[in-house]
Amino acid sequence: MKISAILAAVENGGFDKTFVSLYRDTVRPRARYGKLLADFLERYGDREGLLFSVPGRTEISGNHTDHNNGCVLAASVDIDIIAVAAKTEGMTVRIKSEGYPEDTVDCTSPDPKKVRKGSSSALVTGICDAFARKGYAFGGFDACTSSDVLTGSGLSSSAAFEVMCARIMSQLYNEGKVPPMELAMAGQYAENVYFGKPCGLMDQAACACGGFLYIDFEDPASPKTEKLSLDPEKSGYTFCIVNTGGNHVDLTDDYAAVPKEMHACAALMGKKVLRECDEAEFVSRISYMRANVGDRAILRALHYFGENKRVEAQRAALKGGDADTFFRLVTESGRSSFEFLQNVFTTRNVSEQGISLALALSERFGAVCRVHGGGFAGTIQAYVPTANVEAYREAINNVFGKNACMLLRIRPYGASVVDQSGVKESIADTARVLSRMYD
């Protein structure tokens, strides 16, 4: 379908049913997609094209467990990066993201030594290399993108961008048949090898697969996934993410210390990761380990053991329809991160404790809450009693700034083509177990 025809259909309500399924609204999506399509027409001309949407993600439970082969619960949310894309001849990718200069990438011979680390173009090149390594077709395209997954919001803007590039390549060159988890792994590969950030797979998996997702990283080469279901509104809660606006400068050492200390504990047990360790044996050896790794490392390991069991208990609760147990365990997860994992503020600046303050304020409104993501600064997750949510949002915004409190819903769709007939996810089975990671 020509871009001009897609634009006319959007403006005339032809996409309204699809917009309602994605956003529960039509007014803002019409304006948002309409502007994007108009921008594409002006920049790249009127051609056959497609619309895409990839959601942001939220970590539900499993705080700092994935890097030690643990289990996590994650979910996609109803804010996203959207794109209009058209296939081109040759191997040049041009992407114009709203608010940023155009990226132009020659994907003929992807090479991590020839990219600028930390750039969007590096991610695009990495996606092409990932597809080549798995035997998928790839090639040139033009795209315009717009994102309301804000950088620094803790909702994985970079993972959403990576998965978007992979989803476009899948649709334009592979008939949409690249499985969601392989889209995710392509994104992780691009971020690790080309962008230069040693991230795990949770963020990309949640963006690609969509919905409420259980992921088991016991075998990182073949992570197991299971779709679950949670609707906080049915339990009387509104799902919120609070951005405390904390300073992320110089937090690299804080983030790196968490897996480093957990791995050090595992090494004293003769293992590579805590998932391989017997918890009872670990506890029996604490006296010996204190002199070698220190108390904080031991506390963080104890958090890992408890958190991994909580994820499994929450999974069972959701499968059994026991929302009360699920929310009780959310609180336990938050307490463990605060007391044992100790990632709610940095000891480099103890006067700034925005996460701790946001958690304290949230509890005053009866919210079930926890630190969100890596921690030390940034965001919290809160399930706020719906009757209190407007007062809660006002109070939070007064403390942390306008729009600090985001009201979100869990979105059932992952990386998708947006069509008049509906939302089209990858053809392949989301739960497919992969044979191997990228080399």
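Parameters and conventions
Residues numbered from 1 in each chain as written. Predicted model: local features only at pLDDT ≥ 70, side-chain atom pairs only at ≥ 80, totals over all residues. Heavy atoms only, no water. Helix = DSSP H or I, 4+ residues; strand = E, 2+ residues; numbered from the N terminus. Rg over C-alpha atoms; globule rule 2.2 N^0.38 Å. Buried < 20%, exposed > 50% of the residue type's maximum accessible area, 1.4 Å probe, protein only. Contact = heavy atoms within 4.5 Å. Lys, Arg positive; Asp, Glu negative; His and termini not counted. Charge placed at Lys NZ, Arg CZ, Asp CG, Glu CD. Expected span 1.5 Å × (residues − 1). Pairing = 2+ DSSP bridges. Axes fitted to C-alpha atoms, helices over the stretch in contact; angles between N-to-C directions. Salt bridge = Lys/Arg side-chain N within 4 Å of Asp/Glu carboxyl O. Parallel < 35°, antiparallel > 145°, perpendicular 65-115°, else oblique. Left-handed = near helix turned anticlockwise from the far one by under 90°. Nonpolar A, V, L, I, M, F, W, Y, C, P; charged D, E, K, R; others polar.

### Quick notes on the overall build of the protein chain
1) Next: Scanning the protein chain from terminus to terminus reveals 14 helices and 13 strands.
2) Next: The C-alpha radius of gyration of the protein chain comes to 22 Å, within 12% of the 22 Å expected for a compact globule of 439 residues.
3) Next: Its C-alpha atoms give the protein chain principal-axis dimensions of about 70 × 50 × 40 Å.
4) Next: Considering the protein chain as a whole, with its 439 residues, one finds that 54% of them fall into the buried category.
5) Next: For the protein chain, the proportion of contacts with a sequence separation of at least 24, taken over those separated by at least 6, is 73%.
6) Next: Across the protein chain, 49 positive and 54 negative side-chain charges occur, with their mean positions spaced 1 Å apart.

### Details of the environment of K2
1) Next: Here K2 lies in the segment before α1 (3–11).
2) Next: The spacing of K2 and L50 is 48 residues in sequence and 8.6 Å in space, taken between C-alpha atoms.
3) Next: Contact partners of K2, with chain neighbours within four places excluded, come to D46, R47 and E48.

### Brief notes about helix α5 (residues 157–174)
1) Next: Taking 1.5 Å of rise per residue, 18 residues should cover 26 Å, and α5 covers 25 Å from first to last C-alpha, within 8% of that figure.
2) Next: Counting buried residues along α5, 15 of its 18 residues qualify, which places the element largely inside the surrounding structure.

### Here's the deal with the side chain of N308
1) Next: Structurally, the position occupied by N308 is in helix α11 (residues 295–319).
2) Next: Those residues in contact with N308 that lie beyond four places of it in its chain are T65, G70, C71 and R275.

### A word on the sheet that holds strand β8 (residues 237–243)
1) Next: Spatial strand order, β9-β10-β8-β11: four strands in an open sheet with antiparallel pairing. If you trace the sheet from one side to the other, it starts and ends with β9 (368–371) and β11 (405–408), each paired once. Taking each pair of neighbouring strands and ignoring which way they run, the sheet shows an average axis angle of 20°.
2) Next: Where β9 meets strand β10 (residues 379–385), four bridges bridge the pair, whose relative direction is antiparallel. Bridged to C369 within β10 is A382.

### Let's talk about the pattern of salt bridges
Side chains bearing opposite charge may pair, as long as their charged atoms lie close to each other.
1) Next: Applying the stated criterion across every chain, the model contains 34 salt bridges.
2) Next: K35 is paired through a salt bridge with E98; the nearest N and O atoms lie 3.5 Å apart. Linking K35 in helix α3 (residues 27–44) with E98 in the loop between β3 (92–97) and β4 (103–106), this pair joins segments that are 63 residues apart in sequence.
3) Next: The shortest N-O distance in the salt bridge between D253 and R348 comes to 2.9 Å. Placement of the pair is D253 in helix α8 (residues 252–268) and R348 in the loop between α12 (323–341) and α13 (354–364), with a sequence separation of 95 residues.
4) Next: Of the residues examined, D253 reaches a relative accessible area of 49% and is grouped as partly exposed.
5) Next: What you see here is one network of salt bridges that share partners, running through R28, R32, D80, D148 and R411.

### Brief notes about the packing of α5 against helix α6 (residues 180–195)
Any two packed helices are characterised by the angle at which their axes cross and by the distance between the axes.
1) Next: Contact geometry for α5 and α6: axes closest at 8 Å, N-to-C directions at 125°. Considering the angle they form, α5 stands oblique to α6. Every pair of crossing elements has a handedness; the one defined by α5 and α6 is right-handed. Judged by residue contacts, S158, E162, V163, A166, R167 and S170 of α5 engage L183, A184, G187, Q188 and E191 from α6.
2) Next: When its residues are assigned to classes, the contact of α5 with α6 shows four nonpolar, four polar and three charged.

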